[in-house]
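Below, each chain spelled out in residue letters.
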Number of protein chains: 2
Amino acid sequence: MMRFFLVCFGILLSVPSFTQDRTFDLMPVPRTIKSTADRCRITKSFTIGVTGNPGDRVYKEATRALRRLDNRMGFFFKQGNITSKDNNTFASLLVEVKRPAELRLYEDESYQLFSCAKQVKIVANTDLGAIRGLETLQQLLSVDDAGYYFPGVDISDAPRFPWRGLLLDITLHWMPMDVVKRTLDGMAAVKMNVLHLHLTEDQMFGIESKVFPRLHEVGAEGNYYTQEDIKEVITYADQRGIRVVPEFDIPGHCTSWLKAYPELASVKRDYELQRYFGVFDPALDVTKDYTYEFLDKLFIEMSQLFPDEYFHIGGDENTGKDWDRNPNIKAYMKKKGMKTYRELETEFIQRLLPILQKNGKKMMGWDEILRPGVPHDIMIQSWRGTESLVEAAQKGYTGLLSTGYYIDLIQPADFHYLVDPIPANTVLTVEQQKFIVGGEVTMWTEHVTPETVDSRIWPRTAAIAERLWSASTVTNVDDMYRRLDQISLLLEGLGSTHIKNKGMLMRRLANSYDTKTLEVLVDVIEPLKIYERNAGDTMYTVFSPYTKIADVATPDQKVAREFRKNVSIYCTTRDALLEKNIIEHLHLWKANHASFLELIKRSPVLKEAAGLSENLSKIANVGLQAIGYLNNHSSPPRGWKGETLKITKKAKEQGGRCDLQVVTAIEELVSAAGK
Amino acid sequence: MMRFFLVCFGILLSVPSFTQDRTFDLMPVPRTIKSTADRCRITKSFTIGVTGNPGDRVYKEATRALRRLDNRMGFFFKQGNITSKDNNTFASLLVEVKRPAELRLYEDESYQLFSCAKQVKIVANTDLGAIRGLETLQQLLSVDDAGYYFPGVDISDAPRFPWRGLLLDITLHWMPMDVVKRTLDGMAAVKMNVLHLHLTEDQMFGIESKVFPRLHEVGAEGNYYTQEDIKEVITYADQRGIRVVPEFDIPGHCTSWLKAYPELASVKRDYELQRYFGVFDPALDVTKDYTYEFLDKLFIEMSQLFPDEYFHIGGDENTGKDWDRNPNIKAYMKKKGMKTYRELETEFIQRLLPILQKNGKKMMGWDEILRPGVPHDIMIQSWRGTESLVEAAQKGYTGLLSTGYYIDLIQPADFHYLVDPIPANTVLTVEQQKFIVGGEVTMWTEHVTPETVDSRIWPRTAAIAERLWSASTVTNVDDMYRRLDQISLLLEGLGSTHIKNKGMLMRRLANSYDTKTLEVLVDVIEPLKIYERNAGDTMYTVFSPYTKIADVATPDQKVAREFRKNVSIYCTTRDALLEKNIIEHLHLWKANHASFLELIKRSPVLKEAAGLSENLSKIANVGLQAIGYLNNHSSPPRGWKGETLKITKKAKEQGGRCDLQVVTAIEELVSAAGK
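Computed from a predicted structure; not experimentally measured.

## Topic: helix α4 (residues 177–189) of chain A
Side chains that are three or four residues apart share a direction in an α-helix, a result of its 3.6 residues per turn. Residues and elements named next belong to chain A. Its 13 residues give α4 an end-to-end C-alpha distance of 19 Å, which sits within 8% of 18 Å, the value for a rise of 1.5 Å per residue. The set of residues buried in α4 consists of V179, V180, R182, T183, L184, G186, M187, A188 and A189. At its buried positions, α4 is contacted by α3 (127–140), β9 (163–169), β10 (194–198), α6 (227–239), α15 (453–457) and α17 (477–493).

Shown next as structure tokens:
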């Protein structure tokens, strides 16, 4: 610190005056941030120095940081790959690290970032902290008339929760390596630290096993990660300070295992990979010793492959029906005095534990694994709700929250943002709260492909990342959305396709370079939420085309969100500028349907959205009428409200597995006009 | 054929009337195509059947074809993975294959495609032919008011040349697996059949060697294909009927080898990977037995990895200087009576031959390998010009053309399109012409990254693919450009990023979602051509930011091309509609500079293009003046032409390594106004 002040202010000057609490465009918001009027100007002679006792990770990440900055500013920095030779303490950016981190839960990720006119300095106990600080620096890059600079700041930062994860399911739709890598880049940018790979399912066994090769040969139809791929992912993640936790989901969700090794099955049948989505009956026969011998060998292999101390065994959604169908299993249960299949599950978990323990692993699983007699070092991942997490913590079990972070369910960022692993009204004591270690975003991939997955993950996951990193008091939704827009651009610059693929998907769908008409509609619709899109699990299969309007449409459409907000404000303020903006949108939507009908002629695949487009046109017309009455201070004619009710009600119907996101705003206008 | 007519017309109806020679949007244009008024309607019950004696390739490609069609039309076809059970001869699409192909030069790629109201049928001797036919079918997909259909056609098709390749250099910038795969998808779509991987260079040794692991460990800085990656590429390519030819470029271009194994070097020095681009002196010491023992072991390993019969050893651009610096080599040459290093190269080629031959390989190399005494089964790849190809053919050597197909040089599609491996005025006899087996597009990657490489490859490569497949008489440039626009969309739908990355690159460059101002400029500039961009090889290194305006700008900008064309026509016709279009563009360009200056304030990286933007504004103004004089039938004032000459001359200066593409059109307007 002393040397920093030496560089910044010489020895004669006093400490500069700091202003408290500007968030800039930072996401997640740091623990504390003070800013000065200083500007650390960036020129083509910008360099990075690293000192202390850093590991290889920092050199690689500092090099990556240098290239990323150069890619944005285009200076042609001269410095090549940063190595231990780059230890100049007067470098433009100085990174000071005390020790290399161990990549494990609870490791120190704190850092400090100071900047003045002459230098930026990142100081951290571990290289993990330094890496987090480098990401903060990327977000601080600013511009004024004189060019690029880093603003003068004094940041002291550390995460609120030590487990900030993303579950990427690669089984319901296969996700190739480039998806995994760009997801890791995005996660690192918002300081997430666990990639949870959901590797096996009824539909696919997505990883190579050399011990039981039929698992991937028969269970994967060519799409699986080789062990070299996995090593590459782990190395890539490690460099970014991200742990990789594998999930092998048993005893249910295992049709692919049973197709490969039918001797593991509870019921003898011709197993084929599941093509539909949902919950199925096939389950391991957990009463056979063979099953444990098999799992023992497999988990030795996989434990050696994945260095993380946690090993996720799923444990969810076993229906118990296949156990019920097998007389031997029923006899086994009877002999052991087990009344329900839940008791057999408990025994299964208990028999699995030593298999993991001898490989140095701690068991992780979904809520279901919290059973009598399991040791306290397991990790509970809650998909059922905060209650089960509270229950676990009260019993002294560590757990993390996924309920509320299911980004596959197409809910808006602000919904997820306000879900707190430890809500303000928690019944847990301060000591008990420590058992809640964080949360995990879950990206289930029933309804996404490599083309659309990024638009489901980003930018909303950045808001959840902030929830898990920043203080619980950081809850300003407007400011979150303001920063999310900036982070979204930054994430695109890092390789995420969530913005650019919209254009591609629209061009393919419209069969044309001209996608204006389509975009007008797409901007105000969202795919059906929660589990509505595939209600009954009968519509979609792993083969289905995910290239339609519901796939171009994204969650949390900005145009619709801002329209709703503007209407709400307008209804109370009658602000003239807002009115102009609202009327412009309504005219656009009203007129769009005619060109949409023309578009369908060129691209019949869009026919399914004709109703949406027509309804949008009609409610836009209603909105214009409502504003007309509001402006004339005249009452609408008798029956108008009834008529509009029919129109807005109809406009809530789905089309192409999407629904309109501006109907409530129109209803609000109607309601205001009716007063 | 009989059964086809049975399905199509019953036994009572006569053969339909065909119309000759519609090209639809097909690229490459088939050998012969006749069309009828029939429309083979596509419904959700569309199925594919495969009969005959097909290999696994066709089943996989038929499945992929089915999914691709479904992705475009969104029908949710019920048919799963196509297997030998799918042999219904009344399927909507019937594929008849006589035998599985061997993936080698001269293999039969011909096919016939018939369609009538009731069925489409593809008949081919080999599965390769069937795969080419499946791609034609994708391009035939049409739309009318009743929905999707395939038009009635009778196509008989086969390639003009058997070698239609693309060289992908993965060493000057690393190209990860997803780039290779999407390139293969694009190549397959335009019926190309050889992927030539340029794997080693002064800057990188890009492939794992288990025999000499330092080659990739020391020579690649982490970026290399593992042998499993290579197998994956070969399998992926094989399914699409594409051969994979590896290039190990020796005896020059080998600094990365020498860093790993200095004992191979002609000169003892501390070898580091080259960071700049260009031609360097390091070379293998080809007088040592050790060198041949090394190559022997390495090429045994690589020959086993790559099944193709051709093995490319480079052979280009050895400067001979390092040989000259080594007294032992000079003594060796003197002893052998060699006067120049070219003679030593000849010996090197001759000593390499048996090493390849014992592995069942034929040698392929650049022009330089055509030396006295080399056997006739080598393959010459010409980068120096058609002359060396003619010379080779006259001597009875097979060869293929790359001169004229260097797509890294940013020339327009029509330039490449009109380069014929056997020009109409060839001096070669018909027999000699057979030695010219085709051509290869070369994608050297000095100045591209994975973000921009697609925009260099596509769509121009599709035009070259047509040159190599279709008849030499297919040379209508306007029709080529018309079809290229359609193929470009199709290629994007297959995964190419050449269109969508423009938006991403502009957003990053503008640091904003709003890129209109930037796009107005980008649409009329192109990166400097031939070797001008990096004149002297001193500006760019492998670390340089390739994220600037020269990287967003693409070759063959459509807006500029069409403007030039419109101006040319307008100058003779004075067509009023064209005039309106031209004036609109000129006003847009004239006004754009003011907002561009605002944009620079937000994104100083764009400052380098301020001059381009200002010049565009100024020449637009000149253009408007010229049109004014033309319309008034008035002579411009004295000195006007001289003034404009200064302006247009200055507008030809580069900015940000780009130049304006509409200056000649303005000059044409000025010239017309001056008459």
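## With respect to the pairing of strand β15 (residues 398–401) of chain A
Residue and element names in this part refer to chain A. Alternating positions in β15 separate into two faces, T398 and L400 on one and G399 and L401 on the other, with burial throughout. Summarising the sheet, strand β14 (residues 379–382) and β15 pair through 4 bridges and their orientation is parallel. Looking at the pairing, M379 lines up with T398 of β15. Viewed along the sheet, the connection from β14 through helix α12 (residues 386–394) into β15 turns out right-handed. In the sheet, β15 pairs with strand β16 (residues 436–443) via 3 bridges, with the strands oriented parallel. Of the residues in β16, the one forming a bridge with L400 is G438.

## Some words on the domain arrangement of chain A
Segmenting chain A into domains produces domain 1 (2–157), domain 2 (163–497) and domain 3 (502–674). Computed from C-alpha coordinates alone, the two centres of domain 1 of chain A and domain 3 of chain A are separated by 45 Å.

## Some details on the interface of chain B and chain A
If you look at the interface, chain B gives 39 residues, while chain A gives 39 residues. Elements with a minimum of two residues in the side of chain B that touches chain A: α2 (56–73), β8 (147–157), α4 (177–189), α17 (477–493), α18 (500–510) and α22 (576–602) of chain B. Here the side of chain B that touches chain A takes 6 residues from α18 of chain B, the largest share from any one element. In the side of chain B that touches chain A, the residues fall into 14 nonpolar, 11 polar and 14 charged.

## Observations concerning the environment of I170 of chain A
Residue and element names in this part refer to chain A. Within the secondary structure layout, I170 lies in the loop between β9 and α4. Under the C-beta neighbour-count criterion, I170 is labelled buried, with 24 such atoms within 10 Å. The sequence separation of I170 and H198 amounts to 28 residues, and the corresponding C-alpha distance is 6.2 Å. The contact partners of I170, leaving out residues within four places of it in the chain, are M175, L197, H198, L199 and G206.

## A closer look at the sheet that holds strand β12 (residues 310–314) of chain A
Residue and element names in this part refer to chain A. Read once around its circumference, the closed barrel built from 8 strands follows the order β9-β10-β11-β12-β13-β14-β15-β16, with strand pairing classed as parallel. Averaged over all neighbouring strand pairs, the angle between strand axes comes to 25°, with direction disregarded. Relative to strand β13 (residues 362–366), β12 runs parallel, the two sharing 3 bridges. For Y310, the partnering residue across the bridge sits in β13 and is K362.

## Here's the deal with the relation of the copies chain B and chain A
Between the two copies of this chain, the relationship is a rotation about some axis together with a displacement along it. Placing chain B over chain A gives an RMSD of 0.0 Å and needs a rotation angle of 180°, together with 0.0 Å of translation along the axis. Here the copies are linked by what is in effect a two-fold axis. Taking C-alpha positions as reference, the residue of chain B nearest the rotation axis is K500 of chain B, located at 2.8 Å.

Analysis parameters
- Residues numbered from 1 in each chain as written.
- Chains lettered and ligands numbered in written order.
- Predicted model: local features only at pLDDT ≥ 70, side-chain atom pairs only at ≥ 80, totals over all residues.
- Helix = DSSP H or I, 4+ residues; strand = E, 2+ residues; numbered from the N terminus.
- Expected span 1.5 Å × (residues − 1).
- Buried ≥ 20, exposed ≤ 12 C-beta atoms within 10 Å, placed from the backbone.
- Contact = placed C-beta atoms within 7 Å.
- Pairing = 2+ DSSP bridges.
- Right-handed = clockwise from strand over helix to strand, strands pointing away.
- Domains from an automatic or database assignment.
- Nonpolar A, V, L, I, M, F, W, Y, C, P; charged D, E, K, R; others polar.
- Axes fitted to C-alpha atoms, helices over the stretch in contact; angles between N-to-C directions.
- Least-squares fit on C-alpha atoms with pLDDT ≥ 70 in both.

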